[in-house]
Amino acid sequence: MRVQITGGRLRVGLGWVSDPAEGITDTSVAALADLLRETFGELAGAADAPIPSVFRATPQQKALYTAGDAQPGTGRHVEQLVWVWHGPLDVDRFTSAWQSVFDCETVLRTAFTGGPEPQLMVHSRVTPEITVRVRRGDEDLSGLLERDRLRGFDLRCPGPLRLTLLGAEGSPLEGAASPTRIVLTYHRALLDTWSAHIMLREFHRAYLAGGSLPGGERRPDLRDYTAWIAAQDLEPVRGFWSRSVPPADAASRPGRPGGATGLTGVGRSRLRLDSAETIRLARWASLWGIAESSVLQAVWAMLIHRASGATGPAPVCFAVTVPGRGIPLDGVARMLGPLRNSLPMSVEVDPEGTLPQLMRQLRDHALDMAAYEWVPADWIRPPGRRGTGTDPAATVIVFEDPPHPVEGLENELAAQGIRAEFVGTVPARSVLPIGLLAHHDSTGGLVLTGVHDRDVLDEDAAAELLMQSALLLRELPLWAGESTTVADAVKLLEGRAVPQMAEASGTDPDGPLLTLRPAVREQAGTICLVPPPGAPATCYDLLAHTYAGSRELLVLTGDADRARPALAAHGTGTSLLLGGFSGAGALACDIARRIAADGGRPPRVVLAGASTDEEERARDLARALEDATASPDG
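Residues numbered from 1 in each chain as written. Predicted model: local features only at pLDDT ≥ 70, side-chain atom pairs only at ≥ 80, totals over all residues. Heavy atoms only, no water.

A.B. asks: How would you explain a nonpolar patch on the surface if you had to name every residue and give the values?
C.D. replies: Residues Met1, Val3, Ile5, Leu10, Val12 and Phe40 make up a contiguous nonpolar surface patch of about 600 Å² in total accessible area. Assessed through its relative accessible area of 34%, Val12 is described here as partly exposed. (Patch = residues over 30% accessible without salt bridge, like charges linked within 9 Å, V, L, I, M, F, W, Y side chains within 5 Å. Areas by Shrake-Rupley, 256 points an atom, 1.4 Å probe, with all protein chains shown as cover. Salt bridge = Lys/Arg side-chain N within 4 Å of Asp/Glu carboxyl O. Buried < 20%, exposed > 50% of the residue type's maximum accessible area, 1.4 Å probe, protein only.)

Next comes the structure, spelled out in structure tokens:
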């Protein structure tokens, strides 16, 4: 092929040797020339398309983008909302309604530009990703959700969400015989839970209107929000947080030190206070002039203090989320974007102090923070404690009641034979090892959901921690009064052990091993991927999606000698396998020999993937790893 520009025109010449056996003929070359002419014509036409607007990402977005990009295949910061559609579902109208929402909301057409200082770019047109599939009767919904989470998102591509429609076998979506489960999956670098609920309301409005929303782009949008952030005076922020940052010796873990769990992945547990218990809790809290959220924070603070072993007054800290919408920006309450923020909360817990006093302290601190709920957490940390893995808190509390997606639309939906039932949100895995989330359900109950890294808490410990939280929330309103002390409240837990917590295995950002994807099930084993000489650790990113096996995937990112003890530990009780693309064999075999020389079980080494095509290379290696681990000695 010869390419040159002459007189402002692009000229392309093709030269070929006829080879009918290979399909190279005058006819096939002419077809290729026509295809090139058509392609170049389309590219020339695209030059007249609107130029995407580019603007700065907020510091919090940068942190979420960097964390997700550095840990592909972990499902971090990927959240899901599940609802059930009762009644006939017109898939074409469903798709048109979502396209209308995408056209109106710029954040749904926004992507990161990448690079060390990522920016945001709004595209003019983006098609939503909607998948329709049939769910078999015996198919596990939680497993399906987990696989969807682990897909993650490439935030350099616009459209930070996707939808999956799960129909029942033998029941067409257009009929009303069986309900349809719908999964909305989104990334928190561009959307938060509040935004997802507003977006769902817009979708239902569009569906009821035949598939389209009136009006054009809605403002304010993310561009207005980032401009508002950039214009803020930081001096009052620094003054407030210099007085409010948690002390370095504050306790932050609601469990006592324990041994390694031997588990990987994310665990979730859930408990519910019924409507009567929830009403009683709210009325009791109002006696002290506080909200239920302050009661939950006080309960959590007492659990942390108890786990620390302190017998006198001692500071504790944890993170709390704030909606981020209490800022003087007109229309921000209904804006889509990642406004929810996590801020550090610290308080001194005195066993001899009264419980109402502790709750009021937490309430007052929350009110003080309200003016700064937009401040990124990394701006708050003192020098020397900034960056990933330096958060003084080990846990986060989320208490959020976003607007109901179909409130006020129920009658219109019912007129078309439709009812929407919202099962709830499947919370995202965050950078902190433990999260406690609370929200009110449609019947007035208070739902508590625990999300934990299983390498820190096993399932029994996580369930016990949630049980103790619920026990205090249920029992305290029955008898606690103005003079009830913290020590009196904690006596409710007598006879219940303090859960054990292990040290997180993945908290060192400079460590020699990176988790590419957690194991699908317990005791599945580990595969450590060794990059070929000169190749970056990111060369295995695609494997997080192409490998269909159950094992944990680690990537060697640093010194092999530093990684060897950790790899040897992975080979104890569960099998370890070393894998890599062509060229990684020498280093992988050397690591295996050294593990054996240290008295460990020598891992097998599997190499594949010599293709220059990235996707084909990843598929080849994935197949080789699956074949190796499927064998009896794998």
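A.B. asks: For the packing of aromatic side chains, give the residues involved together with the corresponding values.
C.D. replies: The tally for this structure, following the rule as stated, stands at 12 aromatic pairs. Between the aromatic rings of Tyr65 and Phe112, the centroid separation amounts to 4.5 Å while the plane-to-plane angle is 15°, which identifies the pairing as stacked. Highlighted residues: Tyr65 in helix 2 (residues 59-70) and Phe112 in strand 5 (residues 110-112), separated in sequence by 47 residues. Each member of the pair, Tyr65 as well as Phe112, is classed as buried. One aromatic cluster is present, built from ring pairs that chain together Trp83, Trp85, Phe94, Trp98, Phe203, Tyr207 and Phe422. The positively charged end of Arg93 is found above the aromatic ring belonging to Tyr207, 4.1 Å away from the centroid. (Phe/Tyr/Trp six-rings, centres within 6.5 Å; stacked < 30°, edge-to-face > 60°. Helix = DSSP H or I, 4+ residues; strand = E, 2+ residues; numbered from the N terminus. Lys NZ or Arg CZ within 6 Å of the ring centre and 35° of its normal.)

A.B. asks: I'd love a proper account of the environment of Ala624, names of residues and values included.
C.D. replies: Within the element layout of this structure, Ala624 appears in helix 18 (residues 614-630). For the pair Ala624 and Val606, spaced 18 residues apart in the sequence, the C-alpha separation amounts to 7.1 Å. In this view, Ala624 contacts Val606 and Ala608; residues no more than four positions away in its chain are not counted. (Contact = heavy atoms within 4.5 Å.)

A.B. asks: Go over the sheet that holds strand 21 (residues 552-556), please, and point to the residues and values.
C.D. replies: Spatial strand order, 19-21-20-22-23: 5 strands in an open sheet with mixed pairing. Across the chains shown, the open sheet's two edge strands, defined by having one partner strand only, are strand 19 (513-517) and strand 23 (604-607). On average, each strand axis in the sheet is inclined to that of its neighbour by 30°, with strand direction left out of account. Bridge analysis of strand 20 (residues 526-529) against strand 21 gives 4 bridges, and the strand direction is parallel. Looking at strand 21, one finds that Cys528 is bridged to Leu554. (Pairing = 2+ DSSP bridges. Axes fitted to C-alpha atoms, helices over the stretch in contact; angles between N-to-C directions.)

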